[in-house]
Amino acid sequence: MTKRFFLSGFWFIVLSCMCAGLSAQNKVRVYAAAFYNLENLWDTEDDPNNRGDDDFTPDGQYNWTEAKYQQKLKNIAKVISELGRDYCPAGPAIIGISEVENRKVLEDLVKMDAIAEIGYKIVHFESPDHRGIDVAALYNPRVFRFTSATVYPFRKPDQPDYKTRDQLLVSGMLAGEPFHMIVNHWPSRYGGDASSPLREYAASITKHIADSIHADNPKAKVLIVGDLNDDPYNKSCSEVLGAKRKAKGVKPYEYYNATWALYDKGIGSLCYQNKWNLFDQQIISGNLLGQDKNTLKFWKSEVFIRDYLIQQEGKYKGYPLRTFSGVTFQNGFSDHLPTLTYFVKEAE
């Protein structure tokens, strides 16, 4: 399944001496890519074909009214409006998204006042997930020139009835170079399982997608993002996908986990039982590493943390401020924090 159309136009900002290893005379263009798990962004309508949305209706257990839905959209739009702005005033070129019900919620989101002027375009396909949630992407057509999108379903031969999110490949041009984002939401943890053949199989799909891109074009740049429901050291990420802890020695066709260093510092994107995990990872192809910045290169990754995104009191003080505490609406954002990766390229 492939969708194709073309848009023209580029936006960039020039920064001087922002990156280690650049001299005072060097100028670079800085580009950002992000990922954000929106935690149950459902509309208020009951879809008779999707039992997963029953709780998120006005008559459901969350009493999911239009007013609450609009407030959730407003809150998420506020976060997106601030992502990457310290270095990129136009925000991320592309954002991977998870936990959305359908295209409609994304259309409503990009129209919110905080981000409407950016003009984000949507990439979305319905997936067969048993909960009825999908992955998607938003991109700024002034920065990222979209060329195609493809979905890769999860079909595990020994578990043919298991349904989960598709993986989404979004392809285009960033900084004049072929750039691909693979958006993931791997099978969830149940009972806190730290090892799962389901996630390991999902990792094998991701690796197949990325390896196929490099086989077709070794110069293509690949960014793997998503809620992987595993930490960087887990087998699915470190062994099956092969995302390495250290950048040194990573070959151009291999993968470096740009968020592993954050995890080693105790920085996470979600908190469970008073322990921070970094499930929302950013993994780059090895050809994005190096000091030769006449082509697009990795600069750094971060977890986007702001005080307003963190619970300030109560039992879950210090956790991400989510939309509900139990079934009580608390006007929050998500149980996950966004993650970002920055890339640089020398200005011509």
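Residues numbered from 1 in each chain as written. Predicted model: local features only at pLDDT ≥ 70, side-chain atom pairs only at ≥ 80, totals over all residues. Heavy atoms only, no water.

Description of the side chain of Asp166
Stage number 1. Its place among the elements puts Asp166 in the loop between strand 7 (144-152) and strand 8 (167-174).
Stage number 2. One buried charged side chain, Asp166, makes no salt bridge at all; its nearest oppositely charged neighbour is Arg155, positioned 7.0 Å away.
Stage number 3. For Asp166, the contacting residues outside a window of four places in its chain are Glu126, Ser127, Pro128, Val135, Val151, Tyr152, Pro153, Phe154 and Val183. (Helix = DSSP H or I, 4+ residues; strand = E, 2+ residues; numbered from the N terminus. Buried < 20%, exposed > 50% of the residue type's maximum accessible area, 1.4 Å probe, protein only. Lys, Arg positive; Asp, Glu negative; His and termini not counted. Salt bridge = Lys/Arg side-chain N within 4 Å of Asp/Glu carboxyl O. Contact = heavy atoms within 4.5 Å.)

Some remarks on unusual backbone geometry
Stage number 1. Despite not being glycine, Asn40 shows a phi value in the positive range, around 60 degrees.
Stage number 2. If you trace the backbone, Asn40 turns up in strand 3 (residues 27-41).
Stage number 3. For Asn40, a relative accessible area of 15% puts it in the buried group.
Stage number 4. The phi angle at Asn63 is positive, at roughly 45 degrees, despite the residue not being glycine.
Stage number 5. Inspection of the secondary structure assignment puts Asn63 in the loop between strand 3 and helix 1 (66-82).
Stage number 6. The partly exposed category is assigned to Asn63, whose relative accessible area is 36%.

Things to note about helix 2 (residues 103-110)
Stage number 1. Within the sequence span of helix 2, burial applies to Val105, Leu106, Asp108, Leu109 and Val110.
Stage number 2. On the buried face of helix 2, the contacting elements are strand 3, helix 1, strand 4 (94-100), strand 5 (121-124) and strand 6 (134-139).
Stage number 3. For helix 2, the N-terminal capping position is held by Asn102, with its side-chain oxygen 3.2 Å away from the main-chain nitrogen of Lys104. (Polar contact = N/O pair within 3.5 Å; in protein donor to acceptor, adjacent residues only side chain to side chain.)

Quick notes on the pairing of strand 19 (residues 339-346)
Stage number 1. Counting buried positions along strand 19 yields 7 of 8 residues, so the element is predominantly enclosed.
Stage number 2. Sheet topology note: the strand 3/strand 19 ladder contains 8 bridges and is antiparallel. Following the sheet pairing, Val28 is matched in strand 19 by Glu346.
Stage number 3. In terms of strand pairing, strand 16 (residues 297-303) meets strand 19 through 6 bridges, oriented antiparallel. (Pairing = 2+ DSSP bridges.)

Some words on the side chain of Ser98
Stage number 1. For Ser98, the location among the structural elements is in strand 4.
Stage number 2. Ignoring anything within four residues of it in the chain, the contact list for Ser98 reads Phe35, Tyr36, Asn37, Leu38, Asp134, Val135, His185 and Asp227.

Details of the packing of helix 1 against helix 2
When two helices pack together, you describe them by how their axes are tilted relative to each other and by the distance separating the axes.
Stage number 1. Axis separation between helix 1 and helix 2 bottoms out at 9 Å; the angle between their running directions is 65 degrees. By crossing handedness, the relation of helix 1 to helix 2 is classed as right-handed. Residue-level inspection shows Tyr69, Leu73, Ile76, Ala77 and Ile80 of helix 1 in contact with helix 2, the latter providing Lys104, Val105, Asp108 and Leu109.
Stage number 2. Split into classes, the residues belonging to the contact of helix 1 with helix 2 amount to 7 nonpolar, no polar and 2 charged. (Axes fitted to C-alpha atoms, helices over the stretch in contact; angles between N-to-C directions. Left-handed = near helix turned anticlockwise from the far one by under 90°. Nonpolar A, V, L, I, M, F, W, Y, C, P; charged D, E, K, R; others polar.)

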